[in-house]
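# Survey of secondary and tertiary structure
Letter by letter, the chains look like this.
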Amino acid sequence: MGAVTHTAPAPSPAELAAAVPGLAEYLRPATLLNPYAAQPVPGASGIGGPALWAVGAPWPHCTARHPEDEYLIPRSAPVPPTVPTALITLAHLRAEDAPHLPWPEGTDLLQVLWCPNDHDDIQGERFYYGPAVELHWHRAADLAPATPPPPRCSQEDYYLPQPCALRPEQVLDLPDRDELQEELAYAVREFTARQGIEYQRDHGRADGWKLGGWPSWHSTDLVPIDCGRCGERMNHLLTVESGGDPGLCVGRHGELHVFVCPVDVTHPVGLDLQ
Ligand SMILES: [Zn+2]
Ligand SMILES: [Zn+2]
């Protein structure tokens, strides 16, 4: 007899979690966004597309220092000023498409805004070089179409999303092996080897644009992301993927992960590039 060939479909994350004691507590709900180039339907979840904002409220701007600003500001300036730039809409996400997110009471629309420039000083000691991200949790009924000022953008169109509609898909997600305790990781490896499957490849985390679930650590190994305001370990909220629709490029054509504080969703987000 030759090598065992595996013809049965690989077990789903839920089946795998049921088969390996201790793994079930790592199952997390996630929404795969499956973006495709199209104008988002007004009122539906989408990437890019027309802006919404509270009537009469000022559109948010980024006031951080941008490394590229140094080319715009005279070197003779005594204190290098920052150059505020309007944020842009990365995504509008409706609660019905991701009911597992930590929606504050009375909110049903999450706006992900970002500054489409690189930043190198928003993550304290940790290395980060990419867009600044803000989360705004709204009641959709409070928002109206808005016309924000155009952003100042030095990154060509790396960080300017083409409008996309979404095909949200609810899944259960398991983490990368790095997140599992050693004994559990061993048990998983034993089980999947017997089944002729590979945990990382066949299970674990779903890839692509995703809300909730677990982040990938494929390029750095696990980096704990703690809240800069209160110190709590943060949860993965959003994966932004390079390439395909909506045509963004983050990191070295990699993934940007946005993390949210479990104590207070208004604490500044955590960011990680893979
Ligand atoms: Zn900025
Ligand atoms: Zn916090």
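Here is what the cut-offs are and how they apply
Residues numbered from 1 in each chain as written. Chains lettered and ligands numbered in written order. Predicted model: local features only at pLDDT ≥ 70, side-chain atom pairs only at ≥ 80, totals over all residues. Heavy atoms only, no water. Phe/Tyr/Trp six-rings, centres within 6.5 Å; stacked < 30°, edge-to-face > 60°. Helix = DSSP H or I, 4+ residues; strand = E, 2+ residues; numbered from the N terminus. Buried < 20%, exposed > 50% of the residue type's maximum accessible area, 1.4 Å probe, protein only. Lys NZ or Arg CZ within 6 Å of the ring centre and 35° of its normal. Pairing = 2+ DSSP bridges. Contact = heavy atoms within 4.5 Å. Salt bridge = Lys/Arg side-chain N within 4 Å of Asp/Glu carboxyl O. Donors = N, O, S within 2.8 Å, 3.2 Å for Na, K, Ca; no water. Tetrahedral: all angles 85-135°; square planar, octahedral: opposite > 155°, others 65-115°. Axes fitted to C-alpha atoms, helices over the stretch in contact; angles between N-to-C directions.

Going by an unreviewed UniProt entry, the chain carries the name DUF1963 domain-containing protein and comes from Kitasatospora aureofaciens.

Moving on: the packing of aromatic side chains. Summed over the entire model, instances satisfying the criterion amount to five aromatic pairs. Between tryptophan 103 and tryptophan 137, the aromatic rings sit 5.3 Å apart at their centres with planes inclined by 90°, giving edge-to-face as the arrangement. A residue pair is termed long-range when its members are at least 10 positions apart, and tryptophan 103 in the loop between β7 (88-94) and β8 (109-119) and tryptophan 137 in strand β9 (residues 130-138) qualify at 34 residues. Taking the relative accessible area as the measure of exposure, tryptophan 103 reaches 16% and is therefore buried. Take tryptophan 137: its relative accessible area is 14%, and that puts it in the buried class. Seen from the ring of tryptophan 214, arginine 28 lies directly overhead, with NZ or CZ sitting 3.6 Å from the centre. Across from the ring centre of tyrosine 36, 4.0 Å away, lies the NZ or CZ of arginine 167, which sits over that ring.

Here we take up the sheet that holds strand β3 (residues 46-47). Spatially, the six strands line up as an open sheet ordered β2-β11-β3-β7-β8-β9, and their pairing is antiparallel. Strands with a single pairing partner mark the edges of an open sheet, and in this sheet they are β2 (35-37) and β9. The pairing of β7 with β8 spans six bridges and is classified as antiparallel. Bridged to histidine 92 within β8 is glutamine 111.

This part covers the side chain of histidine 267. Tracing the backbone shows histidine 267 in the loop between β15 (255-260) and β16 (270-273). Every residue in contact with histidine 267, bar those within four places of it in the chain, is listed here: Cys227, Arg229, Cys230 and Cys261.

Another point: the pattern of salt bridges. Considering all chains together, one arrives at five salt bridges under this definition. In this structure, the salt-bridge partner of arginine 65 is aspartate 120, at a minimum N-O distance of 3.1 Å. Residue arginine 65 is located in the loop between β5 (61-62) and β6 (85-86), and its partner aspartate 120 is located in the loop between β8 and β9; the two are separated by 55 residues in the primary sequence. For arginine 65, a relative accessible area of 31% corresponds to the partly exposed category. For the salt bridge of aspartate 226 with arginine 233, the shortest nitrogen-to-oxygen distance reads 2.5 Å. With relative accessibility at 39%, the residue aspartate 226 sits in the partly exposed group. Overall, arginine 233 belongs to the partly exposed group, its relative accessible area being 48%.

The next point concerns the coordination of the zinc ion (ligand 2). Tetrahedral coordination by four donors places them ideally at 109.5 degrees to one another around the metal; octahedral coordination by six donors ideally gives 90 or 180 degrees. Looking at the zinc ion (ligand 2), the protein donor atoms are Cys227 (SG), Cys230 (SG), Cys261 (SG) and His267 (ND1), and they sit 2.1 to 2.3 Å from it. For the zinc ion (ligand 2), the four donor atoms in the first shell make angles of 103 to 116° at the metal, so the coordination geometry reads as tetrahedral. Spacing between the donor residues of the zinc ion (ligand 2) along the chain follows C-x2-C-x30-C-x5-H. Take cysteine 261 and histidine 267: they sit in the same class, and that class is buried.

This part is about the coordination of the zinc ion (ligand 1). Surrounding the zinc ion (ligand 1) are the protein donor atoms Cys62 (SG), His66 (NE2), Cys115 (SG) and His119 (NE2), at 2.0 to 2.3 Å. If you look at the zinc ion (ligand 1), its four donor atoms make angles of 101 to 116° with each other, and the shape they trace is tetrahedral. Along the chain, the residues donating to the zinc ion (ligand 1) are arranged with the sequence spacing C-x3-H-x48-C-x3-H. Among the residues examined, histidine 119 registers a relative accessible area of 0% and is labelled buried.

The subject of this paragraph is the sheet that holds β16. Taking strand neighbours across the sheet as the criterion, the six strands line up as β12-β1-β13-β14-β15-β16 in an open arrangement whose pairing is antiparallel. Only two strands of the sheet have a single partner each, and these edge strands are β12 (169-173) and β16. Within this sheet the neighbouring strands show an average axis-to-axis angle of 20°, counted without direction.

What follows is about the environment of proline 145. Position of proline 145 relative to the elements: it lies in strand β10 (residues 143-146). As for proline 145 and alanine 51, which are separated by 94 residues in sequence, their C-alpha atoms are 5.9 Å apart. Once residues within four sequence positions are removed from consideration, proline 145 is found in contact with Ala51 and Leu52.

Further remarks concern the environment of leucine 184. On the secondary structure map, leucine 184 appears in helix α2 (residues 182-195). Residue classification places leucine 184 among the buried positions, given a relative accessible area of 11%. Counting along the chain gives 164 residues from leucine 184 to valine 20, while the straight-line C-alpha distance between them is 8.3 Å. For leucine 184, the contacting residues outside a window of four places in its chain are Val20, Pro21, Gly22, Leu23 and Tyr26.

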